[in-house]
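Listed below, chain by chain, are the residues.
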Number of protein chains: 2
Amino acid sequence: MEVHKVMAPQPKTFLLEFRDRVKEIFFPDDPFRQFKGQPTRMKWLLTTQYVFPILQWGPTYSFKLFKSDIISGLTIASLAIPQGISYAKLANLPPIIGLYSSFVPPLVYAVLGSSRDLAVGPVSIASLILGAMLRQQVSPVTQPVLYLQLAFTATFFAGVVQASLGVLRLGFIIDFLSKATLVGFMAGAAIIVSLQQLKSLLGIEHFTHNMGLVPVIGSVFHRRDEWAWQTILMGVCFLGFLLITRHISMRKPKLFWVSAAAPLASVIISTLLVFAFKAQKHGISVIGHLQEGLNPPSWNMLNFDSTYLGLVAKTGAVTGIISLTEGIAVGRTFAALQNYQVDGNKEMLAIGLMNVAGSCTSCYVTTGAFSRSAVNHNAGAKTAVSNIVMAATVMVTLLLLMPLFFYTPNVVLGAIIITAVIGLMDFPAAIAIWKVDKVDFLVCLSAFLGVIFISVQDGLAIAAGISLLKVLLQITRPNTALLGNLRGTHIYCNLQHYKDASRVPGFLILSIQAPIYFLNSTYIRERISRWVEEEEEEAHDNKTTTPHYVVLDMSAVTAIDTSGISVLTELRSSLSKRGLQLVLANPLGEVMGKLQRADQIQSFGTDGLYLTVGEAVASLSSSLKEQP
Amino acid sequence: MEVHKVMAPQPKTFLLEFRDRVKEIFFPDDPFRQFKGQPTRMKWLLTTQYVFPILQWGPTYSFKLFKSDIISGLTIASLAIPQGISYAKLANLPPIIGLYSSFVPPLVYAVLGSSRDLAVGPVSIASLILGAMLRQQVSPVTQPVLYLQLAFTATFFAGVVQASLGVLRLGFIIDFLSKATLVGFMAGAAIIVSLQQLKSLLGIEHFTHNMGLVPVIGSVFHRRDEWAWQTILMGVCFLGFLLITRHISMRKPKLFWVSAAAPLASVIISTLLVFAFKAQKHGISVIGHLQEGLNPPSWNMLNFDSTYLGLVAKTGAVTGIISLTEGIAVGRTFAALQNYQVDGNKEMLAIGLMNVAGSCTSCYVTTGAFSRSAVNHNAGAKTAVSNIVMAATVMVTLLLLMPLFFYTPNVVLGAIIITAVIGLMDFPAAIAIWKVDKVDFLVCLSAFLGVIFISVQDGLAIAAGISLLKVLLQITRPNTALLGNLRGTHIYCNLQHYKDASRVPGFLILSIQAPIYFLNSTYIRERISRWVEEEEEEAHDNKTTTPHYVVLDMSAVTAIDTSGISVLTELRSSLSKRGLQLVLANPLGEVMGKLQRADQIQSFGTDGLYLTVGEAVASLSSSLKEQP
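Residues numbered from 1 in each chain as written. Chains lettered and ligands numbered in written order. Predicted model: local features only at pLDDT ≥ 70, side-chain atom pairs only at ≥ 80, totals over all residues. Heavy atoms only, no water.

- As annotated in an unreviewed UniProt entry, chain A carries the name STAS domain-containing protein and comes from Amborella trichopoda.
- UniProt annotates chain A under Subcellular location (unreviewed entry) with the comment "Membrane". (UniProt positions renumbered as here; feature names shortened; annotations may be inferred.)

Observations regarding the state of the cysteines
All names here are of chain A.
- For the coordinates displayed, the defined rule picks out zero disulfides over all chains.
- Looking at cysteine 363, it has no disulfide partner, and the nearest cysteine sulfur is the one in cysteine 360, 9.6 Å off.
- When its relative accessible area of 0% is taken as the criterion, cysteine 363 is described as buried. (Disulfide = S-S within 2.5 Å. Buried < 20%, exposed > 50% of the residue type's maximum accessible area, 1.4 Å probe, protein only.)

A few points about helix α21 (residues 521–542) of chain A
- Given a rise of 1.5 Å per residue, 22 residues ought to cover 32 Å, and the 31 Å separating the end C-alpha atoms of α21 of chain A matches this to within 8%.
- Once α21 of chain A finishes, lysine 543 of chain A follows within two positions and takes phi at roughly 55 degrees, a positive value. (Helix = DSSP H or I, 4+ residues; strand = E, 2+ residues; numbered from the N terminus. Expected span 1.5 Å × (residues − 1).)

Points about the pairing of strand β3 (residues 479–486) of chain A
Residues and elements named next belong to chain A.
- Of all eight residues that make up β3, seven are buried, and the element is covered over most of its length.
- One ladder, built from four bridges, connects β3 with strand β6 (residues 507–513); its direction is antiparallel. In the sheet register, leucine 482 faces β6, and the bridge partner there is leucine 510.
- As paired elements, β3 and strand β4 (residues 492–494) share three bridges and run antiparallel to each other. Bridging from a neighbouring strand, asparagine 485 pairs with tyrosine 492 of β4.
- Taken together, β3 and the strand that follows it, β4, pair antiparallel across an intervening segment of five residues, in which glycine 488 is found at a positive phi of about 85 degrees. (Pairing = 2+ DSSP bridges.)

What about the environment of glutamate 535 of chain A?
Residue and element names in this part refer to chain A.
- Positionally, glutamate 535 belongs in helix α21.
- Relative accessible area serves as the criterion here: at 10%, glutamate 535 is assigned to the buried category.
- Considered as a pair, glutamate 535 and serine 576 are 41 residues apart in the sequence and their alpha carbons are 16 Å apart.
- With residues near it in sequence (within four places) discarded, glutamate 535 still touches Arg503, Leu508 and Pro547. (Contact = heavy atoms within 4.5 Å.)

Digging into the relation of the copies chain A and chain B
- Take chain A, turn it by 180 degrees, move it 0.0 Å along the axis, and it overlays chain B with an RMSD of 0.1 Å. Taken together, the rotation and translation relating the two chain copies correspond to the operation of a two-fold axis. The C-alpha atom lying nearest the rotation axis in chain A is that of alanine 556 of chain A; the distance is 2.0 Å. (Least-squares fit on C-alpha atoms with pLDDT ≥ 70 in both.)

A closer look at the interface of chain A and chain B
- The interface of chain A with chain B comprises 83 residues on the first partner and 83 residues on the second.
- For the pairing of chain A and chain B, the buried interface totals around 7600 Å² over both sides, and the portion due to carbon and sulfur atoms is 58%.
- Per-residue buried area on chain A facing chain B is highest for Val436, Arg477 and Phe518 of chain A; these three make up 10% of the total on that side.
- Between the two partners, chain A and chain B, sit four salt bridges.
- For the interface between chain A and chain B, the tally reads 14 residue pairs in polar contact (both at pLDDT 80 or more).
- Class assignment for the residues of the side of chain A that touches chain B results in 34 nonpolar, 21 polar and 28 charged. (Buried area = accessible area lost by both parts, 1.4 Å probe. Salt bridge = Lys/Arg side-chain N within 4 Å of Asp/Glu carboxyl O. Polar contact = N/O pair within 3.5 Å; in protein donor to acceptor, adjacent residues only side chain to side chain. Nonpolar A, V, L, I, M, F, W, Y, C, P; charged D, E, K, R; others polar.)

Some points on a nonpolar patch on the surface
All names here are of chain A.
- Together, Val214, Leu445, Leu449, Phe453, Ile454 and Ile462 line one region of the surface with nonpolar side chains, adding up to about 510 Å² of accessible area.
- Of the residues forming the nonpolar patch, the biggest block, three residues, is contributed by helix α19 (residues 438–453).
- For isoleucine 462, the location among the structural elements is in helix α20 (residues 456–476).
- Given a relative accessible area of 35%, isoleucine 462 falls into the partly exposed group. (Patch = residues over 30% accessible without salt bridge, like charges linked within 9 Å, V, L, I, M, F, W, Y side chains within 5 Å. Areas by Shrake-Rupley, 256 points an atom, 1.4 Å probe, with all protein chains shown as cover.)

Brief notes about unusual backbone geometry
Residues and elements named next belong to chain A.
- The backbone phi angle of serine 362 is positive, close to 60 degrees, even though this residue is not glycine.
- With respect to the helices, strands and loops of the structure, serine 362 is situated in the loop between α14 (344–359) and β2 (367–368).
- The class for serine 362 is buried, based on a relative accessible area of 4%.
- One non-glycine residue, lysine 543, adopts positive backbone phi at about 55 degrees.
- Inspection of the secondary structure assignment puts lysine 543 in the loop between α21 and β7 (549–553).
- Owing to a relative accessible area of 73%, lysine 543 belongs among the exposed residues under this scheme.

With respect to the packing of aromatic side chains
- One pass over the full model with this rule turns up 24 aromatic pairs over all chains.
- Ring geometry for phenylalanine 221 of chain A against tryptophan 227 of chain A: centres 6.5 Å apart, planes inclined by 55 degrees, an arrangement best described as tilted.
- Classification of tryptophan 227 of chain A by relative accessible area gives partly exposed; the value is 32%.
- Plain terms: the ring middles of phenylalanine 507 of chain B and tyrosine 549 of chain B are 5.2 Å apart, the flat faces sit at 25 degrees to each other, and that makes the pair stacked. You can see phenylalanine 507 of chain B sitting in strand β6 (residues 507–513) and its partner tyrosine 549 of chain B sitting in strand β7 (residues 549–553), a full 42 residues away along the chain. Neither residue differs from the other here; phenylalanine 507 of chain B and tyrosine 549 of chain B are each classed as buried.
- Taken together through their ring pairs, the aromatic side chains of Trp57, Tyr61, Phe63 and Phe66 of chain A make up a single cluster.
- If you follow lysine 438 of chain B out to its NZ or CZ, it ends over the ring of tryptophan 434 of chain B, 4.7 Å from the centre.
- Of note, arginine 527 of chain B hangs over the ring of tryptophan 531 of chain B, and the distance from its end group to the ring centre comes to 4.3 Å. (Phe/Tyr/Trp six-rings, centres within 6.5 Å; stacked < 30°, edge-to-face > 60°. Lys NZ or Arg CZ within 6 Å of the ring centre and 35° of its normal.)

Put into structure tokens, the structure is as follows:
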């Protein structure tokens, strides 16, 4: 049988290799591919279009698209108005800020963003985190002006962090939050948010500031004397109404507009009820007066004072990264559905600039929200003009309709929030994760429990830590397998899984399924020694041929480092002292390159390196036969 | 061509799989293998022998072995005495503690240890770290009694940590310090230790307490007025003598005893000189009075007071793990040379118990030292009785010879330390690392610079962090390759490396060389999409066959998680929308298991999964020919 020589990669200079590595890390999607071979004027045009995607789809906009966008824009506006007011309360901010945040940011996104379906505005989780982290040091009740300043400054930092990740092309950092982590985290955050609404649902005045499950439940039951039956009654009715409409929309996707219109309908109906019955005198708390007019500028409110700089920087970073994760995930999901591409890093830049602009125009952290974007998509949005329409509707509301919200009860806002976050709890996904990968389920569970019992940031950190630990553990204790030959072929596969595979006498064929790093080099050496000892014992007991060759199938050894190279050489020498020869089969390019640089190829020699296991066995079998 | 079915592993129950995983993580060397099938009485005997290895080699001890062990024991005693005194000074402890630590610990190790060549006693790096960490909070000059108490308590903690790692079989934790990290770390620590000796070499009284390079050099030059010429003269002479003897022993390995005897000879000669010339009156500082007698018990000195508990716990943990790393590395090195096995976890238990016993008998942190063990080995040690002989010699010294050290100058101890640690700087290893793996060299360099400029613990932490980051980065941006067929065979290999390989028309054959985790699933999906686009463009430009099949060679995809499974299914659907079919070839057992549990095997179908790339191409080519 013909034996092929195993080739090593062409040695590249250090600089060239470094440049290629950097290019693959930071520019994996080669975004400037389209620029090649174009005249300079075209390159300028392409660059401007790249930075302002509106210039790409703007010129080809048609009235037909506008018709679809108007409908979807109005639909998401009906969601944005109640949700904006509710989420601002979640962040301990004046409700008007939530409406401001549904005006400027969508306009900025329409100019800079790449996704057609993303609907931008405040989101529950970022509002929760912002409120929780700022409240640790500053009370929104006793120091409302300072709190507002810090909220805007944190939004500014969030935008800066997001834009930096985009510009420095460090977007892969959000990939470090696995799907399992996010499923558990979202579910936990949803529970936390819902628990917070118990304050407005039950009408309690004195509520714990702690977000954890235990303190909240404790507060609910200790303040039983503050429960107001009118509030509870109204809350239960509207919560029921909202949940039923949500259920209807889930059962019949064509009726998506039912659950989209329900929040606004609830607000209108409850406002009318309170107005009619003068219920605010009967103990139902209402929003009260909201100022009219568009967003006032707020760059003068940005507070970089060193006392709070650490707080706002940390808050900005955490809310920035988490809202980025949601926004990018939403963008990618809909892009995959519609079969277009979204440049993750460019989106991060758009979302970042949106938040920076927002921080200077009285907005707080915003991003693409999943529920709102789903409604946007289902309502038939064709381009980002949908966001412009929504912003225009919010503008009309801000200029003209503010007095209508005077009598809107807070309890209804709480019910709207609960209905919105219930959708974040994805039990089918959690069950699917349990079925497929138990360690991933542990990650999911630890994120969930961490968020509920410890804190939002800690829950996320613990889950991310376990995910990375799992990756390292799989390398530290890799799978190894004994291979056998499928009769009549040159295919070698795992003896445990393939009953038709059989051992080759005189050969011990092993497969190592991980890179050989410092993490596992000692383990691998000891494991192989153990395989050899067990083989020799078995051969001795059963009087079969003792192994002469140990063939290592290196197809799955994805990389190697200096510790790995030493282990291979040590193994070769210790095995030869026992009369066995170590042979490597099918080493990958990078491994061959390192073996070459370590001058170890000669030590393995012409009969120590083979292109496939089949060639190794065939070639060495003939020399085995020649021996007595 | 015959096509084989791809088999998935037998589904195991969760508990069974968990048990197997745990067994492989914690008992990879299956240490109880020898117990199988033995009668109960035998099992008890084997257990006792396992815990006390002395019962294994003790009964077969002979006078011939004793002859070799006596010689090696006396040789290492001649090293142990000056080194013990010097290293204790390095830890800011009274010199007598160093001798105590060369008496009890070797005796304990002889009973519990598994290595034949390991010579136990104080070591430079552990002494350095202990002294540096304790001195951050407690001054050995103004609070000597408290300092001593804390040193013993830290030793106790170190022993507990080491023994726990052994008992809980967490020994693989020390594998997290790669060879590159240790090379850089040892070299940096050697420089730090040598710089500290400048105090005694130059006779400076007021020296900085900071260990970093810059403060020490600053201190040396600012205190030029304190330089004492007599001290410098003596120091330079003896340092030169020691370095020359070291060089001789390195050139002619048979003369190893020259460098082994040199420290003791220097101590004797310099003591005589100082005594003869009454040099202590001329500015040369001497050790002074050392109390006689064996180790006093010190368990009453263990200080668990909460004020310092954090300090001693941290110091104990750090010194424990670092000295464990050295001791285990030394044990493994000599075991490999001599072709016997050393159970890492058992050794950790032995070293841990040795330190716990030591902390109660006035000893500080000890472990197996590399230089001393090398001398032990070269001097012909056959068993651990060598340690017993050394301990006996130290005992004689403690009982009778203490007054002889009165006039021993501190400068000679400094010279001995410098000569000892110079051997820790392994430049050939660093150069070999630079040649083979540049990232490993970065790790080595960062450990070195971190230790020198920041601190010992931080340097180690930074290097360990970069090592782990490298592992994660290789997964986040894995190598991918385009495969082609070696004409006339069924072998497929990287087109870039094998000029004889050629493309198969209509097929895009890709290889992914990493597990598909959350870390890289997005990247992999985008990379494959890019491959497909480039293929289609090229086929369009060159009028060749557009690809119909995308074959993913999964031989090197060592594992997959839920994110990875979603990416494969998303790819399959998005590619089929473009008229391409995604086909998987040679998935490994674990990947097949997860695909099965995720019910995704049906979606790939009978023509979507193949055992090898060759079978996939052959089978699909026939269907390709049937198409118009």
